[in-house]
Amino acid sequence: MALSAAPAQSQNASGSSSQVEEVVVTGLREQLKSSQARKAEAEELLDSITASDIGALPDRSVTEVLQRIPGLAIGRVPEARDADRIAVEGAGVTVRGLSWVRSELNGRSAFSAKESRALGFEDIPPELMAAVDVYKNPSAALIEGGMAGVVDLRTRLPFDSPDRVLAASAEYAVGDLANKERPSGSFLYSDRWNTGIGEMGFLISSSASQLTTQTHTLHVDRYYARTNLPGYEGQTVFAPGGIGWRELTVDRERLGGSLALQWRPSDTVDVSLQYFMADATFEQNENASWSEQGNALTGSNLQVANGYLVGGRIANSFFAGSARYNERESTNHDAALHLTWHPGERWRFDLDVQRAFADADIMDLTLGSPTVDQGNPDALAFDLRLNGSNEPRIGMAPNSVMTDPDQHYYGWAMDHYEKNDADAWAYRADGEYTFDNSDWMDRIRFGIRHENYSSTTRETGYRWGTVAQNWGGGDTRFGDASVPYIQQGFSDWFHGGQAPSAYVFPHSSAYSGRAAFESTIHSVETFGTNCCDWMPWNGDFADTTPGNDGLGVNTQNQKTWAGYVAAHFGKNKFDGNVGVRVVRTENLGTGLLTFSGADVVGSPDESAFANGASYEATDENTYTDVLPSLNLRYKVRDDVFLRFAVARSLSRPDFPLLLPAINVTAKLGLMSNGVCNELPEGAKIGTCVYQYNGFAGNPDLEPMRSWQYDVSAEWYINPTNSLTGAIFYKQLEGFMETSLNSTVDYTNNGQTRSVRVLRPENQGSGYVQGFEVAYNSFFDFLPGFGKNFGARAAFTYVESGGTRNIAANPYDENQRDNSALDGYPLEGLSKTSYNAELYYSTQRFEARLAYNWRERYVLTMAAANLNIPAWADDYGQLDGSVTWNVSQKLKVGLQAVNLTDAPYRILVDNFVDNTGLTYHNWVSADRRYNVFVRASF
């Protein structure tokens, strides 16, 4: 909901008195005026988007809003390691190439249960926001933790508006692939009254939004180095493992609410009570099919160019397929009480108490639906033509196998569950003294803050197992079972095309819930020799030990105590602030220690240690940081500013890296002359332990830290036109890189042993540097209606050196190993990105086109299932909107997203075979349209 009558609140929870008066937003021109004024008068390096701008484009999540800000870029995948699916509304945010972003709500900590320290911005309704602020270099008063930057979401307060506000909006959205219309609506009421106990204010705001989207994906497996490709024997040819295609439909429902009370009993006291909630549910239904995979591709009439297979007739005797249902529900609740007291003209005090909760429940269910192996490599062969970055052409001759339920069986199943929660108490007190007659000192601010933050994640692994196989009890065919199924034709493929083939899948009713999923498997499973091994989950997360596909139970508690002091000064054309923040962090984590059993003959002490037992252990780490900062502004003239900023910053480790769980294994040896020698190959029983090994998280990890420098120039040509630029440099240290350098003592069953541990460690240093430029302008110099046109553009360049990527799961061997590979930039860092907008604005009509583009970047160093690096290719998207102001109180309009049907592409790098980057996925997403009406009363 874009409201035209409510200016954004200008204070954060710190009670900063550097308030910026924001004009009433009545249109695009006034919105730009408001945002520009806030940027110009801020003491820190700040960019802001106000409510009107959030509603003026089809930005249906805060994530999409953020891509409009210079220096920010968003991702397009819901999980970084999932290179096979995209999030059409965006997911994940980087600031100047870095993903270590701190999220806030009204200047207070905001987090999700799934993403640990970071908020899932795609879960937050933009309709409830008054503005979004992005701080790119901190001051001492800002809460620490945003080494990349701080994103502060600001909601409304009753006293933000001088009068009563009553507004509502309604929207109707449709995607042209999903072809399902979905409604959205929002409501706001705010008023203030004078009473016998002072002025009172009340605000309530709510939103409900639904959206159904669809994506189509063509898939080419990783490439392999082949020396036996038919027709090219003896030559090294890079050839893919196979092909596939998938259709993914996502139903998203997002609910939100905001409640605020304000009381001003006198001119010196202001009290506010705020509550915010957001509930987002994402349901994914996916049907996918793929050919035989691996490094054994063969066929006839194969064609090679520049050492790569580019086409031919590919032999294939069976297809595999799967039907998948994924449900994620995330909720956030935030309540805060704030008191401001002015005991005199020069003093101000602020007290703030916050209570926040978050939880996330995830269920992922997959049923395999392969075809019966035809025993003939030509039976399901296909023609393949690879066209570089363009979509591959895949042709299959008509056949009855792909659509015959008697040729499909229930081969396997996989399930995964998560139940995560987080909560925090935070207390803050700030004071400020304003000097009266000082020649240069304006005011001094000081404060203390304490936060008690707990997080528990519970997750199973991805529990894959066979269900019905012809080699172990018989395969249950679709036609023989009572389970409903569909013959999917993949209509309107890639907007008007045709998929390689139709396919048979289980109907979603057979697996879209745990009960239905397990019932279906029990109705079709068969048992025989070595088959079948899928078993229902017992519901106990504690039974799962950390591994490459899940962390089990991870309980973390973090307490921080912080204090700061900052001097705000001004002398002639100079002003700014200098200060220091000191913070002490205490982290407490609990994990499962497991000691694998070992056959050690004649060594009872070693057998006692390696006895197969496990128990919970708690580990604590404490560290203190001193974080100085300087923000300096020089006013060359009233409309030209130069800024310089330097600050010490940090980013704490994500909680999976801190998990103290370990699996200790014994490498056996043979005792000879009092020396334990390594056990010969093939031997299983030893007389001593040559070495104990284990892999683990590291509860002793400290934050990554940085010194960061900014120099900027800002020319405010008039209230809506500006030209700005900034150069930035961050010196980073303490990368969390997996290392074998640690030897840690563990005690079990009364015995203590030194264990060589593979775990993340703080090591190495690097840098990130670059620049950004931005231009906003209405073309007031043009005659006639030309002066109603305007444009906005921003360009960002970022490069890095000496940096290290981080294994998100230290228990995954592929993530650990790949994160240490040299020659790769940081995950999520695009060297170049830009956004450009063209708009037209009059009192009765407004229109806007907006284009966002970012350069190819490393998506993940270990893509799921492939376990090799994946890159997101260059991507640009064009969005637009038109709005007609029927009256001062009524607006109607049309919004559109992805107008040009931009293709999203993923590349992979099979570094083991030195294939270089090869295209892996081509994705076509909905063009989305929605009509809206917005009214105020």
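Just so you know, these numbers come straight off a predicted model, no measurement behind them.

**Remarks on the overall build of the protein chain**
Moving on, step 1. Per the secondary structure count, the protein chain includes seven helices and 47 strands.
Moving on, step 2. The globule rule puts the C-alpha radius of gyration for 937 residues at 30 Å, and the 30 Å found for the protein chain is close to it.
Moving on, step 3. Once the C-alpha set of the protein chain is aligned to its principal axes, its extents read approximately 85 × 75 × 55 Å.
Moving on, step 4. Long-range contacts, defined here as pairs at least 24 residues apart, represent 74% of the contacts in the protein chain between residues at least 6 apart.
Moving on, step 5. Each charge class in the protein chain can be summarised by its mean position, and for the 77 positive and 115 negative side chains these summaries are 6 Å apart.

**Section: the packing of aromatic side chains**
Moving on, step 1. Counting across every chain of the model gives 42 aromatic pairs.
Moving on, step 2. Consider the rings of Tyr 417 and Trp 537, whose centres lie 4.7 Å apart with planes at 15 degrees: the pair is stacked. Of this pair, Tyr 417 sits in strand E21 (residues 412-434) while Trp 537 sits in the loop between helix H4 (514-524) and strand E26 (552-571), and the two are 120 residues apart along the sequence. When sorted by exposure, Tyr 417 lands in the same class as Trp 537, which is buried.
Moving on, step 3. Measuring from ring centre to ring centre gives 4.7 Å for Phe 574 and Tyr 634, while their planes differ by 40 degrees; the resulting arrangement is tilted. On the criterion of sequence distance, the pair formed by Phe 574 in strand E27 (residues 574-595) and Tyr 634 in strand E28 (residues 614-637) is long-range, its members being 60 residues apart.
Moving on, step 4. Judged by relative accessible area, which is 40%, Phe 574 ranks as partly exposed.

**A closer look at the confidence of the model for the protein chain**
Moving on, step 1. Chain-level pLDDT for the protein chain is 91 on average; 96% of the residues reach the 70-or-more range.
Moving on, step 2. Below pLDDT 50 for its whole length, residues 1-25 participates in 94 contacts with residues either more than four positions away or in separate chains.
Moving on, step 3. The low-confidence segment residues 53-58, where pLDDT is below 50, has 29 contacts with residues more than four positions distant or belonging to other chains.

**A closer look at H4**
Moving on, step 1. Regarding H4, the residues found buried are Phe 517, Glu 518, Thr 520, Ile 521 and Val 524. One face of H4 carries all of its buried residues, which in axial projection span an arc of 160 degrees.
Moving on, step 2. Those residues of H4 that are buried are in contact with strand E18 (347-368) and E21.

**So, the nonpolar core**
Moving on, step 1. Membership of the largest hydrophobic core comes to 58 residues, with the highest contact counts inside it found for Leu 229, Ile 243, Trp 245, Phe 319, Phe 382, Val 467 and Phe 517.
Moving on, step 2. Counting residues in each nonpolar core, the second largest holds 49 residues, with Ile 49, Trp 100, Phe 111 and Met 736 among its members.

**Brief notes about the pairing of strand E25 (residues 503-506)**
Moving on, step 1. Side chains Tyr 503 and Phe 505 of E25 all project onto a buried face; the interleaved residues Val 504 and Pro 506 project onto the opposite face, where all are buried too.
Moving on, step 2. The pairing of strand E24 (residues 485-488) with E25 spans four bridges and is antiparallel. In the sheet register, Gln 488 faces E25, and the bridge partner there is Tyr 503.

**Let's talk about the environment of Phe 781**
Moving on, step 1. Among the structural elements, Phe 781 can be located in the loop between strand E37 (765-778) and strand E38 (789-801).
Moving on, step 2. Considered as a pair, Phe 781 and Ser 754 are 27 residues apart in the sequence and their alpha carbons are 76 Å apart.

**Describing the side chain of Glu 44**
Moving on, step 1. Within the element layout of this structure, Glu 44 appears in the loop between helix H1 (28-41) and strand E1 (45-50).
Moving on, step 2. This buried residue, Glu 44, is left without a salt bridge; Arg 445 holds the nearest opposite charge, at 5.9 Å.
Moving on, step 3. Within the structure, the side chain of Glu 44 is placed 2.9 Å from the side chain of Ser 139, a separation counted as a polar contact.
Moving on, step 4. What Glu 44 contacts, discounting residues up to four positions off in sequence, is Tyr 135, Asn 137, Ser 139, Asn 631 and Arg 643.

**A short note on the sheet that holds strand E4 (residues 101-105)**
In a beta sheet, neighbouring strands pair by backbone hydrogen bonds and run either parallel or antiparallel.
Moving on, step 1. The mixed open sheet is built from five strands, whose spatial order is E1-E6-E7-E4-E5. Whereas interior strands pair on both sides, the edge strands pair on one side only; in this sheet they are E1 and strand E5 (108-109).
Moving on, step 2. Lying on the sheet, H1 is in contact with E1, strand E6 (129-137) and strand E7 (149-155); it crosses E1 at an angle near 160 degrees.

**Examining the side chain of Ser 207**
Moving on, step 1. Locating Ser 207 in the fold gives a position in strand E10 (residues 198-220).
Moving on, step 2. A relative accessible area of 6% means that Ser 207 is categorised as buried.
Moving on, step 3. Each residue touching Ser 207, except ones within four places of it in the same chain, is listed here: Pro 125, Glu 127, Leu 128, Gly 185, Ser 186, Arg 254, Leu 255 and Gly 256.

Reading guide: rules and limits
- Every chain is numbered independently, its residues counted from 1 as its sequence is written.
- Residues qualify for local features only when their pLDDT is at least 70, as the model is predicted, and side-chain atom pairs are given and counted only at 80 or more; totals for whole chains, interfaces and linings, by contrast, use all residues.
- Each side-chain value is derived from all of the structure's non-hydrogen atoms; neither hydrogens nor water enter the calculation.
- Segments assigned H or I by DSSP are reported as helices when at least four residues long, segments assigned E as strands when at least two residues long, and all are numbered from the N terminus.
- The globule rule used for comparison is 2.2 Å times the number of residues to the exponent 0.38, while the radius of gyration itself is calculated over C-alpha atoms.
- In this description, contact between two residues means that some pair of their heavy atoms is separated by no more than 4.5 Å.
- Note on charges: Lys and Arg go in the positive column, Asp and Glu in the negative column, and His and the chain ends are not counted at all.
- To locate a charge, take atom NZ for lysine, CZ for arginine, CG for aspartate or CD for glutamate.
- By convention, a stacked pair of Phe, Tyr or Trp rings (six-membered ring in the case of Trp) has centres within 6.5 Å and planes under 30 degrees apart, an edge-to-face pair has planes over 60 apart, and any other such pair is tilted.
- Exposure is judged per residue with a 1.4 Å probe applied to protein chains only, and the accessible area is read against the type maximum: over 50% gives exposed, under 20% gives buried, and values in between give partly exposed.
- The predictor attaches a confidence to each residue, called pLDDT, with possible values from 0 through 100.
- Read the arc as the range of directions from the helix axis to the C-beta atoms.
- What we call a nonpolar core is a set of buried Ala, Val, Leu, Ile, Met, Phe, Trp, Tyr and Cys residues that are connected through their side-chain atoms within 4.5 Å.
- Whether two strands pair depends on DSSP finding at least two bridges between them.
- Salt bridges, as used here, are contacts in which a Lys or Arg side-chain nitrogen is within 4 Å of a carboxyl oxygen on Asp or Glu.
- Side-chain atoms alone can form a polar contact between residues adjacent in sequence; in general such a contact is a pair of N or O atoms within 3.5 Å, and within protein one must be able to donate a hydrogen while the other accepts it.
- The axes are straight lines fitted to the C-alpha atoms, using for helices just the contacting stretch, and the angles between their N-to-C directions are given from 0 to 180°.

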